[in-house]
Amino acid sequence: RKGTDVTITAFSICVKHALDAAEALEKIGISAEVIDLRTLRPLDKQTIIDSVRKTHRLISVEEGWPVAGIGSEIAAIAMEELFDDLD
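Described in the following lines is the structure provided in the data block. (Residues numbered from 1 in each chain as written. Predicted model: local features only at pLDDT ≥ 70, side-chain atom pairs only at ≥ 80, totals over all residues. Heavy atoms only, no water.)

Bringing the environment of Ser 31 into the picture now. Of note, Ser 31 is situated in the loop between helix H1 (14–27) and strand E2 (32–36). Note on Ser 31: relative accessible area 18%, which makes it buried. C-alpha of Ser 31 to C-alpha of Thr 55: the two residues are 24 residues apart in sequence and 9.3 Å apart in space. Aside from chain neighbours lying at most four places away, what touches Ser 31 is Lys 2, Gly 3, Thr 4, Asp 5 and Val 6. One polar contact links the side chain of Ser 31 to the main-chain amide nitrogen of Thr 4, over a distance of 3.0 Å. (Helix = DSSP H or I, 4+ residues; strand = E, 2+ residues; numbered from the N terminus. Buried < 20%, exposed > 50% of the residue type's maximum accessible area, 1.4 Å probe, protein only. Contact = heavy atoms within 4.5 Å. Polar contact = N/O pair within 3.5 Å; in protein donor to acceptor, adjacent residues only side chain to side chain.)

Attention now moves to the nonpolar core. Judged by nonpolar contacts, Phe 11, Ile 35, Leu 37, Leu 43, Ile 48, Ile 49, Val 52, Ile 70, Ile 74, Ile 77 and Leu 82 together constitute the single largest core of 11 residues. Contributions of two or more residues to this core are made by helix H2 (45–55) and helix H3 (70–81). Ignoring sequence-local partners within four residues, the contact set of Leu 43 consists of Leu 37, Ile 48, Glu 73 and Ile 77. Core analysis: the next-biggest nonpolar cluster, separate from the first, contains nine residues, Val 6, Cys 14, Ala 22 and Ala 32 among them. (Core = buried A, V, L, I, M, F, W, Y, C linked by side-chain atoms within 4.5 Å.)

This is the structure:
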């Protein structure tokens, strides 16, 4: 889903939650880009980077362990590659 104000990454069942959140945000004037992480290995790092450079905001949605999950990897990418692009 294309958007301009915030990037939401999700995979599996959480994609539905992310799309529902994007619809709710749209109602209050916030355009959310949703990235469906269809594969985790390899992770489509460039798509995440390109989207966050456009939106300047990032939300990672997942049902997983709080340590060593995909969200941790996405946070590491954000800090290593996108720190100056985040608002």
